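Chain residues, written in single-letter form:
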Amino acid sequence: MTKETELKQAKSRALLLLLAATASFVITVFLPRSAWVDALKAISEAAMVGGLADWFAVAALFTRIPTPFPFISSRTAVIPNAQKEIADNLAVFVQEKFLNLPSLVGLIRKHDPAQKIADWLVSPVHADQLGRHIVQLLGGMLDFVEDAQIQKFIREAMHALIEKVDLSKSAGAVLDNLTKDGRHQELLNGAIEQLAVLLREPETGRFIAQKIVQWLKNRHPLKEKILPSEWIGEHGAELMASAIHDLLADVGNNPAHQLRVNFDEVVKRLISRLKSDPAFLEKGAEIKRYLQNDENFNLYIGELWGELRDWLKRDLSRPDSVLHRRVMAAGQWVGNALAQDAALRVSLNLRMEDAARKIAPDFAEFLTRHISDTVKNWDAGDMSRQIELNIGKDLQAIRINGTFIGGIIGGLLHLFSLLPDLLQWLAA
């Protein structure tokens, strides 16, 4: 049953009761007078007056009712005439009762949203729903965005990032951080270890032996024909590898080795030059200009979005979407983390309270202004009709109650009017 049908039925019931009271009054006018007829006439007359008065009161809320008295007619159509006041008062009511800080903070503390989030996310079904919704959202966004605008945005963002970075000084700062506490010596140790492993490889020995033999052939061709060049190359390679291995072992075992000291000095000079040498600074600026102006580089940046978009579309259309699995796994991980860590839940709830305190005033002001402006822009007749559809059925009960109460009061007043005659009868 629609609201309009319910309202019509409620009006019909109130009208039928009023007509019944009116019919009773009309009938009593033509009946011979008696105590019962007078009583029925008084009751029906008062019921009719009560029903008509309440009909006027209810109807005057929504429509203009013409009367011979202008000061009365001007006070009808209460809701349409008070549209602006209703809009402002409704907005203030929503702000004061629903969007005030104590209510919002109390709501967060009462319902413990962090716990509810955890309980929801730990369920595989809910995590799967989250993944599906996000995948659908991403798919819709990919169809909505314009490729040219995204590519332009990526290029401009990349250019802005490059412009802000001083490549030479940044490289110097990175190296400076890497060399703190002698961490660059660990790189040297690793290089020494890898070189030692390389020297122990048979292929390395054969390579060095071949180079020695080749050197003899190129520099001393006559001696090479006389001397056992293959033997010299083989043993020379062993001797060279052994000497280098001993040197590397000495460097590896001696933190104060001169090679390490020299390595420190080289690194320090390089860091200093990267930070202050005009030649290095100019080279960094040159690289920046190249990156910003190179056609191939900018074309590559633009193509990145196309490749990413195509990959995303292919993945999102697959039943076993990687993104869906990742979002689902991330959702469950967050849910488990919240479920297992009470301190984290408390912290999250406190962050929500802080966010409510910061956002609520501006949001409340925006929403109340939106409510007020929206209601003011409604058609007054439509607004009145909508309000009547929602509360009119209950207001018809006022008409029914007014008819009954009027009849009861009319009966009591009639009995009160008979009190003098009753007293005289008793006195006689």
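Summarised in this report is the structure supplied together with it. This is a predicted model, so every value here is computed, not measured.

What counts, and at which threshold
- Residues numbered from 1 in each chain as written.
- Predicted model: local features only at pLDDT ≥ 70, side-chain atom pairs only at ≥ 80, totals over all residues.
- Heavy atoms only, no water.
- Helix = DSSP H or I, 4+ residues; strand = E, 2+ residues; numbered from the N terminus.
- Buried < 20%, exposed > 50% of the residue type's maximum accessible area, 1.4 Å probe, protein only.
- Polar contact = N/O pair within 3.5 Å; in protein donor to acceptor, adjacent residues only side chain to side chain.
- Contact = heavy atoms within 4.5 Å.
- Salt bridge = Lys/Arg side-chain N within 4 Å of Asp/Glu carboxyl O.

## As for the side chain of Ser-321
- For Ser-321, the location among the structural elements is in the loop between α17 (295–316) and α18 (322–340).
- Residue Ser-321 is classed as buried on the basis of its relative accessible area, which comes to 2%.
- Among the polar contacts listed, one links the side chain of Ser-321 to the side chain of Asp-315, at a separation of 2.7 Å.
- Contacts of Ser-321, omitting those with residues within four sequence positions, involve Val-135, Asp-315 and Leu-316.

## A word on the environment of Ala-53
- One can find Ala-53 in helix α2 (residues 35–62).
- With a relative accessible area of 42%, Ala-53 lands in the partly exposed category.
- Linking Ala-53 and Thr-403, residues 350 residues apart in sequence, is a C-alpha distance of 9.0 Å.

## Structural notes on the environment of Val-37
- Relative to the helices and strands, Val-37 is located in helix α2.
- Given a relative accessible area of 14%, Val-37 falls into the buried group.
- For the pair formed by Val-37 and Phe-25, sequence separation is twelve residues and the distance between their alpha carbons is 9.7 Å.
- Residues within four places of Val-37 in sequence aside, it is in contact with Thr-28, Leu-31 and Pro-32.

## Observations regarding the pattern of salt bridges
- Throughout the structure, instances matching the rule amount to twelve salt bridges.
- Of the charged contacts, one joins Glu-353 and Arg-109 as a salt bridge, the two residues approaching to 3.2 Å between their closest N and O atoms. Pair noted here: Glu-353 is in helix α19 (residues 342–377) and Arg-109 is in helix α6 (residues 101–111), with a separation of 244 residues, a long-range link.
- Note on Glu-353: relative accessible area 5%, which makes it buried.
- On the basis of relative accessibility, which here comes to 55%, the residue Arg-109 falls in the exposed class.
- A salt bridge links Arg-357 to Asp-354, with the nearest nitrogen and oxygen atoms 3.3 Å apart. Separated by three residues within a single helix, Arg-357 and Asp-354 lie in helix α19, roughly one turn from each other.
- Overall, Asp-354 belongs to the partly exposed group, its relative accessible area being 34%.

## A short note on the side chain of His-324
- With respect to the element layout, His-324 can be found in helix α18.
- A relative accessible area of 14% places His-324 in the buried class.
- Not counting residues up to four positions away in its chain, the partners in contact with His-324 are Asp-128, Gly-131, Arg-132 and Val-135.

Function cannot be read off these values alone, since they describe shape.
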